[in-house]
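Structural overview
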There are 2 protein chains.
Amino acid sequence: MVRVIKAPEVRYAELLDCAQRLFFVHGYDNTTVNDIIHEAGLSKGAFYHYFDSKSALLEALAVRMARDSMTELQPILDDPELDAISRLNALFAGSRRYNIEYAPQIRKTFEVIFRPENIVLFHRMDQAVTAVVTPALAKILRQGAEQGVFDVPDPIAFAEMLLQFRLSLATMMNDALQQAKAGNVDAAAEALAERMRLYGLAIDRVLKLPDGTIEVAEKGFAYALISEQ
Amino acid sequence: MVRVIKAPEVRYAELLDCAQRLFFVHGYDNTTVNDIIHEAGLSKGAFYHYFDSKSALLEALAVRMARDSMTELQPILDDPELDAISRLNALFAGSRRYNIEYAPQIRKTFEVIFRPENIVLFHRMDQAVTAVVTPALAKILRQGAEQGVFDVPDPIAFAEMLLQFRLSLATMMNDALQQAKAGNVDAAAEALAERMRLYGLAIDRVLKLPDGTIEVAEKGFAYALISEQ
C-alpha cells in the first residue's frame, strides 16, 4: 500500500468534506467517527489530531461555511460603487442566495443544532459565525456613518447588537422547520417571513433609516428555505 | 427525633434558601449536594425529588429571583397613572434598584454562569428569565402602541427582540467583572456604562423614540454593580 503524504491543511479539508458528505446522507447522529475515518482513509489518531470530537468537527464545518459565504460575498464588500445602504442590502441578498443554494445542508445543520442537547454546539457555532461576520458588518456601518446615511455612534457595538438580534430568529426558524415537517409549510413560511420583516424593521430603526429600507428577506425566501422540495 | 412534616412547596423554598446561603458563603463550586442536604436537614432522596442536579437548583434560584424581581416591580406595571414611556423607564429604574440591592449575589451568580463550561446553564437561566419578563414587556409595548407613543407593530415579537438584544450586554458584563477583579474597576465600569447607553439608544430607536428617552442605566450604576464594596 502506497502511503500518500498530504499537507495537514489538505487532510483537514478532506476530513471536513468526508464528514459533510456523510452527515448529509446519513445524518449527524447516524455518522460515527469511525465512519468518517473509514471514508477519509485515515486512522483514529489522525482524526483526533485535528478534532477533539465529532461536534468539534461540526463546529469547524460551520466556520468553513461562514468563511466560504463571506468569501462569496467579498465582491459586494469591496465594490467601490455601492453606498452603505446598497451594500447592506446586497449583503442580505447575497446571503439569501447562498442560503437557498445550500438550503438542504442548512436545514440538516439546523436540525442538529436546534436539539436541546446540542445547545452548547449551537452557541459555539453562533460565536464562530459572529466572529466572522462582525468585522465585515462593522465596516459597512462605519462607511454608512461616514457617508451620513446611518446614525451609528459605535460601529462595532452596533454590529454586535444587530447580530445578537438575529438570534431571536433562531427560535422562529426552529418552530418553522418543525411545522414544515408536520406539513404546515405555508403557515410556517408566513410566520417566519413576518419575523424576518420585523428583523429588517428593527435594523432600519436602529440605523435611523425609514422603515422598509433594509430588506432582510424578499417574498418567497422563507418558503424556499424551509420547504423540502 | 421528631420528624417535621412540611408541605412540598415549603421544603422546596427551604432547599433554595439553604443552597443560596451556602453558594454565597462558599461559592457554587465549593458547595456539594451533601452540604445542601446537611444544611437543610434532608435526605439525598428528598433533594433529588426536587432537583435533578445542583445546576438545576441554581436555575431554579434564577427563576425565583426573576419572579421576585417582577413581583417587586408589579406596582410599576399596575400603576394607572403612568404612560408607557414612564412605565418603561420606571421598570428599568426599579430593575436597577433590585440589581444594586442584590449586587453581591448577582455578581456571584454571574461568576458561575459566565464560565465556558456553564454555557448550558447560562442559556437555561436566560430562557427562564425571558419567559418571566417577555409578557410584562409586551404589555407595556402594547399600551404604548395604543397610546400612540411607541411605533410597535407586534408587541410580543418586539419584546422578544429587545430582550434578545440585552444578551449583547452579557459579554460586556463578563469582561467588566474580570477587569474589575484585576483592579481596573473604573475603566470596566465606564465601558459597561457606555454599552448600556448604546443599549438604551437601540431601544429608543426600535420604538421610534428620540435618542435618550429610555434610560437603561444612570451614572454610577455600572460602577455600583461591578465594584466589590
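Thresholds, definitions, all that
Residues numbered from 1 in each chain as written. Chains lettered and ligands numbered in written order. Predicted model: local features only at pLDDT ≥ 70, side-chain atom pairs only at ≥ 80, totals over all residues. Heavy atoms only, no water. Salt bridge = Lys/Arg side-chain N within 4 Å of Asp/Glu carboxyl O. Helix = DSSP H or I, 4+ residues; strand = E, 2+ residues; numbered from the N terminus. Axes fitted to C-alpha atoms, helices over the stretch in contact; angles between N-to-C directions. Left-handed = near helix turned anticlockwise from the far one by under 90°. Contact = heavy atoms within 4.5 Å. Nonpolar A, V, L, I, M, F, W, Y, C, P; charged D, E, K, R; others polar. Least-squares fit on C-alpha atoms with pLDDT ≥ 70 in both. Buried < 20%, exposed > 50% of the residue type's maximum accessible area, 1.4 Å probe, protein only. Buried area = accessible area lost by both parts, 1.4 Å probe. Polar contact = N/O pair within 3.5 Å; in protein donor to acceptor, adjacent residues only side chain to side chain.

**Quick look at the pattern of salt bridges**
Going through the model one piece at a time under the given rule, you end up with 22 salt bridges over all chains. Note that A:Glu215 is salt-bridged to A:Arg96, the shortest N-O span being 3.9 Å. Placement of A:Glu215 in the loop between helix 10 (185–206) and helix 11 (221–226) and of A:Arg96 in helix 5 (residues 84–101) is noted, with a sequence separation of 119 residues between them. Across the salt bridge formed by B:Asp17 and B:Arg64, the nearest N and O atoms sit 2.9 Å from each other. Taken together, the positions of B:Asp17 in helix 1 (residues 8–26) and B:Arg64 in helix 4 (residues 54–78) put the pair 47 residues apart, joining distant regions of the chain. One salt-bridge network, held together by shared partners, links A:Asp151, A:Lys208, B:Arg205 and B:Asp211.

**Description of the packing of helix 10 of chain A against helix 10 (residues 185–206) of chain B**
One way to put it is that helix 10 of chain A packs onto helix 10 of chain B with a least axis distance of 8 Å and a crossing angle of 115°. Here helix 10 of chain A runs over helix 10 of chain B; the crossing is right-handed. Packed against helix 10 of chain A, whose contacting residues are A:Ala202, A:Arg205 and A:Val206, the element helix 10 of chain B presents B:Ala202, B:Arg205 and B:Val206 at the interface. Its residues assigned to classes, the contact of helix 10 of chain A with helix 10 of chain B comprises four nonpolar, no polar and two charged.

**Here we look at the relation of the copies chain B and chain A**
After a rotation of 180° and a shift along the axis of 0.0 Å, chain B superposes on chain A with an RMSD of 0.0 Å. Classification of the inter-copy transformation places it as that of a two-fold axis. Of the residues that chain B buries at the interface, 100% are likewise interface residues in chain A, meaning the two copies contact each other through the same surface.

**Some details on the side chain of B:Asp126**
Residues and elements named next belong to chain B. Checked against the element boundaries, Asp126 lands in helix 7 (residues 119–147). Residue Asp126 is classed as buried on the basis of its relative accessible area of 13%. Those residues within four positions of Asp126 in sequence are excluded, and the remaining contacts are Arg166 and Leu167.

**Some thoughts on the interface of chain B and chain A**
Contacts between chain B and chain A engage 24 residues on the former and 25 residues on the latter. Summing the contributions of chain B and of chain A, the shared interface buries around 2,400 Å²; its carbon and sulfur component is 69%. Where chain B meets chain A, there are six salt bridges. Where B:Asp211 meets A:Lys208, a salt bridge forms, and the shortest distance between an N and an O atom there is 3.5 Å. Where chain B meets chain A, there are eight residue pairs in polar contact (both at pLDDT 80 or more). Elements with a contribution of two residues or more to the side of chain B that touches chain A: helix 7, helix 8 (155–166) and helix 10 of chain B.

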